[in-house]
Structures are given as structure tokens and as C-alpha cells.
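Structural overview for review
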Amino acid sequence: MATAGKVIKCKAAVAWEPNKPLVLEEIEVAPPQANEVRIKIVATSVCHSDLYHLLESMHKDGFPTVLGHEAAGIVESVGPGVTEFQPGDKVIPLFLSQCRECHLCKNPKTNQCATAWTRVRQDIMAAVESRFTCKGKRVLQFMGTSTFSEYTVMNQIAVAKVDPDAPLDKVGLLGCGICTGYGAAVNTAKVEPGSTCAVFGLGAVGLAAVMGCKAAGAKRIIGVDINPEKAEKSKVFGATDFVNPKDHNKPINEVLFEMTNGGVDFSLECVGKVDIMCSALKSSAPAWGVSVIVGWTDMYDIAVRPVELISGRTWKGSLFGGFKSKDGVPEMVKAYMDKKVQLDEFITHNMTLDQVNDAIELMKHGKCIRAMMSISPQ
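Overview of the structure. Residue positions within a chain follow its written sequence, with the count starting from 1. The predicted origin of the model limits local features to residues at a pLDDT of at least 70 and limits the giving and counting of side-chain atom pairs to 80 or more, whereas totals for whole chains, interfaces and linings rest on all residues. Heavy atoms throughout the structure, all of them, feed into the side-chain values; hydrogens and water do not.

It is worth spelling out helix 1 (residues 48-57) at this point. Along helix 1, the positions that sit buried rather than exposed are Asp50, Leu51, Tyr52, His53 and Leu54. Of the surrounding elements, those touching the buried residues of helix 1 are strand 1 (8-15), strand 3 (36-45), strand 4 (65-66) and helix 11 (356-364). For the exposure calls, accessible area comes from a 1.4 Å probe over protein chains only, and a residue counts as buried if that area is under 20% of its type's maximum, exposed if over 50%, partly exposed in between. Secondary structure follows DSSP: runs of H or I at least 4 residues long count as helices, runs of E at least 2 residues long count as strands, and numbering of each begins at the N terminus. Note on contacts: a residue pair qualifies if any of its non-hydrogen atoms lie within 4.5 Å across the two residues.

Spelled out as C-alpha cells, the structure:
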């Protein structure tokens, strides 16, 4: 392409400081260096992790930044040493890389990558390096991705090549939320046919977990949310029951215990609040229940009494649904293309980059499942 090897000036939504509206700015995106690819973002959605950084953790060293990590795009150019990708490839950026060389990547028991956390600082949720500048200032790349921009630069170990026929305005959702929830049920919990499940929090991640429970053959799937509007939406993905904790004058774990005659086989917490994580654990059957923490937070400690675990419960964590990213994302794209996984049903709003603050407000107030923003034409 004519832009290869040159700095690209383009639009991006910059978060200059925490808890303030994003500002649409012209930024400079440097050419990819060794082992990097520059990607034209076609579509990106807002995920709760973007809001967490902007509105909850608000780490002072994590700004200015360009948020966004759930997206799809087209390779514009590649840096030296890149053989896996070429201009024109359809790709999905990955916040969790897969180098395929480290001891973690080679271990089938985990989807972690040792190289990932040398490239991305977890405390500020940003890449160590950045190819962005704006008004003469270095701008951080959120999670090493930064998809609220017309162009971004990423290390090749954090990019997945997908089916050239895949609709990028749909499959971009597989960059985070849908794989996170679906995989938590299928890969981490290992939900069994005929089992009973409870999913706490019915945002995109929770609804994807419901979809995963259904795919795994669960016979009863109870959705739990304080928003009554989620009742019908959850049934689209396979929920058989809906419980609103506000409708009851006792702890929700007691309600679920009574509903299931002793607790669910599998429970998944998809909110990121420590009290709900404890409720999800206590909702599972004491002798064999499996409870999975899917929601993200690093701001609070968690506390339960040993008696909650000692009789045989298992408490697990799940990052990106247990998928090894470069392998798993193309497989999920194929599953969508084969109509085995739903994606379209998650998209409640179609917007553009200049509406990013509106999309954030929708997400903040639970008014959308996913708002997909069109960035560039396919």
C-alpha cells in the first residue's frame, strides 16, 4: 500500500485523563517495527474493560491512552521479520498474545503467554511501547491494542488471521467478550451435558457464558441480573430461567439453592464484583459445584470461609475464556460462519467513532449489550 513505511495521520478517540469524555483527535501512527503489523481498524466495540480503566481503576500512569481492544481490521503493512501476515489479511487484534514459543504457550493447561506481560504492563493496562503520538505527546496503547483508532500497530504474536469472508463488523466481538464468556463455560468450567448452571451478570460476557452452557448441553441455565430487561434477551442465548436479586428478600445464593434443591453444578460470575463472586460460589453445590470467576477487578480483596470450599467445591478463574488466542479466535470465527455460535444478536447499537462517548454512556448504564462502531470501510 502507498502508506507502507510512512507515518499515518488518522483519527482516534484519545482518553487524556481518567473519568473524562474521550476526545476525537488527529494522531500519528508510526510504521510497524520488527515483528509488528499495522492494522486498519474496520469496526470496534466498547467492552466493560475499557470502562473499568477509564472510570474505575483510573490509574494516573495509564493516561493519555487510546482505549479499545475488541475489534477487527485489515493489515495495512508489516514490519521486518513478519511472515505470518501480509497486507490485505483480515485480522482480529488480541489483548492476550500467544507467542507459541514460551513454556506457558507450550503447556496445554493454560492460555497464558509469558511474553504477553513483558509487552503489556498489567498495572496500567498498556503496552510498554507505543507507536502513537498526538500533539507531540506519546499516547499509550491500551492492552497493546488501542482499537478506538483508524489505525493501530501491534506485535504479530497478538494478532489472529481470520477467514477472508468473515464480516469484520460482527467477528470483532470475538476479540474479547464473547470468547471470554463462552470459553469460561466450555473450556474453564467444562460444563457437562444435563447439568444445571447459573450465570451472574447478563451483559455480553454473561450472555456468551449462557450460550456456552447451552452448547455444552446444560439442561437448566439460570440467568441472574438486577436488570429485568435482560430476562428476554437471555432466553435468546439459551437461558431457561431468570432471577432478579431485587425481587427477593434473602441472599441470591439461598434463592438459587432452593430453586435447584441444593445448588447448581456450575456457576459463572461475569460482573467483576467480589461480593457477587462469593454469592456465585455459595450458589454451587457444596460437594461438587464448580464456580468460575470471569469478571475482572484488581481493586478489592475477596474473602470466604474455608467451610465454603472444604466439602468439595472448586473455585476457578478464567481469562479470555481459556482460549489460546491465536488458535482459538479463528476457530470461533469458523464456528460463527458455520452458524454454531451467535454474534449478530449481541449487537444492539451500530455507531461511528465520533459517537464513542455515547457508546460509553450506553454501556455504563446497561442500555446496550454491544455497541459496534464502524471505523473504516471493509
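To continue, consider the state of the cysteines. Note that a disulfide, as used here, is simply two cysteine sulfur atoms within 2.5 Å. According to the stated counting rule, one finds 0 disulfides in the structure shown. Cysteine 176 carries a free sulfur, and the closest cysteine sulfur to it, the one in cysteine 47, is 3.9 Å from it. Using a relative accessible area of 7% as the deciding quantity, one classes cysteine 176 as buried. You can see cysteine 270 has no disulfide; the closest cysteine sulfur is in cysteine 213, sitting 8.6 Å from it.

Structurally, the position occupied by leucine 140 is in strand 10 (residues 137-141). Classification of leucine 140 by relative accessible area gives buried; the value is 8%. Sequence-wise, leucine 140 and glycine 312 are 172 residues apart; in three dimensions their C-alpha atoms are separated by 44 Å. Beyond its immediate sequence surroundings of up to four residues, leucine 140 is in contact with Asp61, Gly62, Phe63, Pro64, Thr65, Val66, Ile124, Ala126, Ala127, Ser130, Phe132 and Ser146.

So, about the nonpolar core. Only buried residues count toward a nonpolar core. Its members are Ala, Val, Leu, Ile, Met, Phe, Trp, Tyr and Cys residues joined through side-chain atoms within 4.5 Å. Phe148, Val171, Leu268 and Phe346 are the most contacted members of the largest nonpolar core, which totals 112 residues. Element by element, the count of residues in this core is highest for helix 5 (residues 204-215), at 8 residues. Contacts of leucine 268, omitting those with residues within four sequence positions, involve Ala184, Ala185, Ala198, Val199, Phe200, Ala209, Cys213, Val292 and Val294. The next biggest cluster of nonpolar side chains, apart from the first, holds 10 residues, and it includes Val224, Leu256, Val264 and Ala280.

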